[in-house]
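Read off the chains here:
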Amino acid sequence: MTKKDTIKIAGVENHVRVDSRILEERIQKAVEDGCRHIEVTAEGQHGIGGRLWRAHDEPVKVDVLGTSGQRLGSMGFANTTIQAFGPASDDVGWLNAGAKIIVHGNATNGVANAMAQGRIYIGGNIGARGMTMTKYNPRFEPPELWVFGKVGDSFAEFMAGGIAVICGAGAEEEKNVLGYRPCVGMVGGKIFFRGSQEAYSSSDARLVTELPDFEWEWLKQNLTTFLEAIGKQYLFEQLAEKREDWRLLIARKPSEKPARLIRPMAKFKQEVWENELGRGGLIGDLSSLDRSPIDMIPTGALRRYVPTWENGKYAPPCQAACPTGIPVQKRWELIRKGHLEEAVNLALEYTPFPAAVCGYLCPNLCMQNCTRNLVNLEPVNVALLGKASLEAKEPRPRPRTGKKVAVVGGGAAGLSVAWQLWLAGHETVMIESQKRLGGKIADAIPQSRIPSDVVEHEIGRLAKNIHKVHLGKPLTKEQFARFKSENDFVVIATGASRPRVLNIPGVEKSVSALEFLRQSKQNRAKTGEQIVIIGAGNVGCDAATEAFRLGAKSVVLIDVQEPASFGAERKQAEAAGAKFLWPRFTRAITDRGVELTDGEMLPADTVIVAVGDLPDLSFLPQNIATEKGFVVVDETYATSDPQVYAIGDVVRPGLLTDAIGAGRIAARSINDRLQGTDQTYDQLPPISQERVKLQYFDPRIRAFADTASCATNCASCGACRDCGLCEEICPQNAIFRRELPDGGFEYAVDEERCIGCGFCAGACPTGVWELLENKPLE
């Protein structure tokens, strides 16, 4: 789609009205895709044309045919022109932030309500409460409302800025073209009108019957533009013929408003309080108790609510969602402070794969749980930080302890626990049946998802610090017993590499997805033109992408249920042209392809089975408990044998980051036992995301170019950014900042000044202030 294209969006589909929300999503999507002229056939939908910020500074035109619902152009942006070829319902241009809105007909109540910028042109009359509560920021042009006809009651109520022009066409003989009681509470702006107006709030506005020259010239110049917009330019001479027909109402300045008589408190007490409640009043004859007002003392112990600074009390949602436990927010904080290298290096304390996993392979649960998602802000891009971690400097391990741990399996889980134990000062031995370390990261995940040099770099960093034993064949029970006797602990991390077998005829004609991916990684796989993949999970999607790379023309993935695939794997398979079918049930695999239970034949040169893998536990002694083909562990990943731990897919299928996180937990438990300690590790509860204020961030940012912009836009949930806003906003000056002996800081509250108003908690961007109910008085 080019920016010149016009797209038509219908408000009715199959004789059913499209919901307002759905219609807006389609308009927003069209703008995001580059369309700059949109024609909407409306059927009473609300909010058409508002908030089209995705075009940035490029002009967008929205033509509305049919019947527009409420809030046409509400929260419109300065790049937007909205034209309704007919009447419009309530609140046209509500909270308008710069859009040009044209209505070729009447508009009902609330036109230009709370408008701040932009222009609204009405080709007919408007209803009550038009131009109310408008605003004016001197940095921008004032908001304008032009009405060809007349206006309803309560016009310009609480108007705080802007310009209104009421032509009064068709109302020449009426005495009040501005309706009943306009300008009540008006504090800014001005109103041009043609005709007469007998009733208006004279205490808030003053009437000018003879327009000054500069006002008349402005009116004539802009009247031409207005009439052209509504298609009535031929009436210019008629409307501008007599200067004396036009009047002007201007908001009075505070100094011009009549002073109000303020009754002193003592007089109020004597004339009202005692009169109503004293002798002869409601309770004066019934009680002789003191009826004098009680002084309000809302400080100290008498406060109902008490603000509490809870910096670092809760885990940010990103870190709480990361199975590896990487302190994502802390890394962004370091970057904000200019410590990019330290932020990059920090990841290696938690994972040996900061670039491979965080940068390429992880579905980024941290980003999925980013608080910014609550209001559709783009989550900060952790993948950028992950890729930058390729240059991380490895941390210095603790002094050698002389303790030995054998790790069986050199995949993500095994390398994670080995890395953590090496950092703790223990000697680790990797026992791997394959010729190289890395498991599925190295030999099965396609290069389309991760560059080979990234894998080689991070595995190389591990290999130079960890001793490896290459078996070259499956592990036996005797070898496992020997490794157990030679080491203080053994960790089982052999993964799941034994394909699940389908109980159908012809299954021997298929190839498992794992084997196919391994052959593909070595460019030894052969596919043919037509491929059918049984199982449409993420592994099946990887196989589909690779099949296309190897020359396949058609790839069909089938599943018995809606596919569980997601993320990059699903997107890449769909982009390559893969077709997903479900529910589909396989009867047999034949020389022609896959035969389904309903009799349909899916032709295939190659059939790939991707229905999951199981661990090979043939080497395990009988004293290690298993269940349904997986090893049973406790919360520290210890097995029923206290000397043996198990982690990764040998325990349960999961993500790479799950396996890496399990390695951290197991290593921590082993280290505690080797050191003779019994430490507890309290898991901080995640902060309630509703406490974090996202109004401070620019919603127009849809992508981040670098780590610095990510760090700036991190909401820093639950961690004070030392902005000082709470200190500035406190009406009692009760909040103050103080330095701590360790070089840190904290914000504290002076109880004798604080009134428990909650301004601090309400304004805090990061949610570190909590307003709690005070302890009851004894």
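Residues numbered from 1 in each chain as written. Predicted model: local features only at pLDDT ≥ 70, side-chain atom pairs only at ≥ 80, totals over all residues. Heavy atoms only, no water.

Some words on the sheet that holds strand β17 (residues 467-470)
1) Next: Spatially, β17-β16-β15-β18-β31 is the arrangement adopted by the five strands of the open sheet, whose pairing is parallel. The strands lining the two open edges of the sheet, one partner per strand, are β17 and β31 (644-646). Here the strands of the sheet are splayed against their neighbours by 20° on average, with no regard to which way each runs.
2) Next: Inspection of the sheet shows strand β15 (residues 404-408) paired to strand β16 (residues 427-432) by five bridges, in the parallel sense. (Pairing = 2+ DSSP bridges. Helix = DSSP H or I, 4+ residues; strand = E, 2+ residues; numbered from the N terminus. Axes fitted to C-alpha atoms, helices over the stretch in contact; angles between N-to-C directions.)

Digging into the environment of D722
1) Next: With respect to the secondary-structure elements, D722 resides in the loop between α19 (707-713) and α20 (725-729).
2) Next: Residue D722 is classed as partly exposed on the basis of its relative accessible area of 30%.
3) Next: Considering only alpha carbons, one finds D722 and R737, 15 residues apart in sequence, at a separation of 9.0 Å.
4) Next: Apart from the residues within four sequence positions on either side, D722 is in contact with R737, F745 and Y747.
5) Next: Among the polar contacts made by the side chain of D722, one reaches the side chain of Y747 at a distance of 2.6 Å. (Buried < 20%, exposed > 50% of the residue type's maximum accessible area, 1.4 Å probe, protein only. Contact = heavy atoms within 4.5 Å. Polar contact = N/O pair within 3.5 Å; in protein donor to acceptor, adjacent residues only side chain to side chain.)

With respect to the packing of aromatic side chains
1) Next: Enumeration over the complete set of coordinates arrives at 11 aromatic pairs.
2) Next: Both rings, one in Y121 and one in W146, keep their centres 6.5 Å apart while their planes meet at 85°; by these two values the pair is edge-to-face. Of this pair, Y121 sits in strand β8 (residues 117-122) while W146 is found in strand β9 (residues 144-147), placing the two residues 25 residues apart along the sequence. Like Y121, the residue W146 is buried in the burial classification. (Phe/Tyr/Trp six-rings, centres within 6.5 Å; stacked < 30°, edge-to-face > 60°.)

Describing the side chain of T371
1) Next: If you trace the backbone, T371 turns up in the loop between α9 (365-368) and α10 (382-388).
2) Next: Look past the residues within four positions of T371 in its chain and what remains in contact with it is P317, Q689, V692, L694 and C717.

Thoughts on the confidence of the model for the protein
Low pLDDT marks stretches whose predicted atomic positions should not be read closely.
1) Next: For the protein, per-residue confidence averages 91 on the pLDDT scale, and 96% of positions sit at 70 or higher.
2) Next: When pLDDT is averaged over each element of the protein, β9 comes out on top at 98 and β17 at the bottom at 77. (pLDDT = per-residue confidence, 0-100.)

Describing the environment of A412
1) Next: Assignment of secondary structure puts A412 in helix α11 (residues 412-423).
2) Next: A residue is classified by how much of its surface remains accessible, and A412, at 8% relative accessible area, is buried.
3) Next: Among residues more than four places away in sequence, those in contact with A412 are F353, G438, I441, L656 and I660.

Some details on the nonpolar core
1) Next: Counting 65 residues, the largest nonpolar core has F353, I492 and I647 as the members making the most contacts within it.
2) Next: For this core, the element with the most residues is α11, which contributes nine residues.
3) Next: In contact with I492, other than residues within four places in its own chain, are V408, F480, F619, L620, I624, V644, Y645, A646, I647 and V650.
4) Next: Core analysis: the second largest hydrophobic core is formed by 50 residues, V18, V31, I120 and F193 among them. (Core = buried A, V, L, I, M, F, W, Y, C linked by side-chain atoms within 4.5 Å.)

Concerning helix α15 (residues 513-521)
1) Next: All buried positions along α15 are accounted for by A513, L514, F516, L517, S520 and K521. All buried residues of α15 project into a common sector of 160° when viewed along the axis, lining one side.
2) Next: Looking at the packing, one finds that the buried side of α15 touches α12 (440-443), β20 (511-512), α16 (538-549), β27 (606-609) and β28 (613-614). (Arc of directions from axis to C-beta.)

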